[in-house]
Amino acid sequence: MRVLMIAPPGAGKGTQGALIAAHFDIPHIATGELLRHHVARDTELGRAVRRHLDRGELVPDQIVLDMVTEAMIAAKAAGGGYVLDGIPRNLSQARQLYQIGRELDMTADVALHLQAGDDELMRRLLARAVLEHRSDDTEDVIARRLALYHEVTAPIVDWYGERGILVSVDAMRPAEQVGREILAALEVMRALVDHVPPEARRAIDLTSLGVAFGEVRG
Ligand code: ADP
């Protein structure tokens, strides 16, 4: 299974990415985590990106794409599945990632879009800031990250809709409900992947199912 996630900061990419990785036994490739790891180790790459991270700005595309290409090559050796968390973040990254995927014969099967409103996201991130101490979890930097998401990341969602690989989920509910819904949708997509070409598939939109569906236990 090959999944990429598009979600605003605070929507739960990290949590749901880990769940998906465990469920399908595939590597979880989280660009923000990889970049923060470089910063923490004070590598050359870390020194090049620290200021971008601290301000909530995007790191130059090429740096992230090179880092992810390396991780995807390792994922290929480990069986070919992956869940990408944090990339693509703009249309240029989306296009280049698609090219890399084609070259490695491992383009995404599913683009998972987690939707949530800005007020809830700000609330979650400020709450998280008390527990973790990420340099970019201050109110003004969070506001910048949310603005960038709306400006350059959210517009790429339609591109995946046109490719027939989009799954949209309402991420405003508790993490376990969102997780159950994601795994159910991904299992449906998995069944289609081997039999139906992407252009003949339809996007799955679960955002209007509401709380009732999420409460069903299974
Ligand atoms: P969040 O989605 O909560 O902002 P991430 O951990 O995904 O958190 O990303 C943290 C930071 O890492 C971003 O604000 C940005 O500076 C950098 N980053 C992560 N992924 C990318 C990417 N694909 N392109 C550019 N910058 C990135």
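Residues numbered from 1 in each chain as written. Predicted model: local features only at pLDDT ≥ 70, side-chain atom pairs only at ≥ 80, totals over all residues. Heavy atoms only, no water.

K.L.:
When you look at the site of the ligand in this model, what are you seeing that I'm missing?
P.N.:
The full set close to the ligand counts 19 residues, and K13, T31, E57, Q93 and R145 are the nearest of them. K13 has a polar side-chain atom sitting 2.5 Å from an oxygen atom of the ligand. Coverage of the ligand by the protein amounts to 96% of the 540 Å² it exposes when considered alone. For the shell around the ligand, the secondary-structure elements that each account for two or more residues are α2 (31-41) and α3 (44-55). (Near = heavy atom within 4 Å. Polar contact = N/O pair within 3.5 Å; in protein donor to acceptor, adjacent residues only side chain to side chain. Areas by Shrake-Rupley, 256 points an atom, 1.4 Å probe, with all protein chains shown as cover. Helix = DSSP H or I, 4+ residues; strand = E, 2+ residues; numbered from the N terminus.)

K.L.:
Could you clarify how one ought to interpret the pattern of salt bridges in this entry?
P.N.:
When charged atoms on two side chains of opposite charge get close, those side chains can pair. Here the structure, examined in full by the defined rule, presents 12 salt bridges. Where R47 meets D42, a salt bridge forms, and the shortest distance between an N and an O atom there is 3.5 Å. The partly exposed category is assigned to D42, whose relative accessible area is 38%. Among the salt bridges present, the one from R173 reaches D170, with a minimum N-O distance of 3.6 Å. Taken individually, R173 and D170 each receive the classification buried, so the pair is uniform in this respect. (Salt bridge = Lys/Arg side-chain N within 4 Å of Asp/Glu carboxyl O. Buried < 20%, exposed > 50% of the residue type's maximum accessible area, 1.4 Å probe, protein only.)

K.L.:
Looking at this structure, I do not really get the packing of helix α4 (residues 61-77) against helix α5 (residues 91-103). What am I missing?
P.N.:
Think of two packed helices as two axes; the pair is described by the angle between the axes and how far apart they sit. Two elements in contact, α4 and α5, have axes separated by 11 Å at closest approach and are oriented at 30°. As summarised for this structure, α4 and α5 are arranged roughly parallel, according to the angle between their axes. In this structure, the crossing between α4 and α5 has a hand that is right-handed. Of the residues in α5, those touching α4 at D61, Q62, L65, V68, T69 and M72 are S92, Q93, Q96, L97, I100 and G101. (Axes fitted to C-alpha atoms, helices over the stretch in contact; angles between N-to-C directions. Parallel < 35°, antiparallel > 145°, perpendicular 65-115°, else oblique. Left-handed = near helix turned anticlockwise from the far one by under 90°. Contact = heavy atoms within 4.5 Å.)

K.L.:
In this structure, what is going on with the packing of aromatic side chains? I would like to understand it.
P.N.:
Geometry of an aromatic ring pair is reported as the spacing of the ring centres plus the angle between the planes. Tallied over the full model, the rule gives 2 aromatic pairs. A centroid spacing of 6.1 Å and a plane angle of 90° characterise the contact between Y98 and W159, whose relative ring orientation is edge-to-face. With Y98 in helix α5 and W159 in helix α8 (residues 157-163), the pair connects residues that are 61 residues apart, well separated along the chain. You can call W159 buried: its relative accessible area is 19%. (Phe/Tyr/Trp six-rings, centres within 6.5 Å; stacked < 30°, edge-to-face > 60°.)

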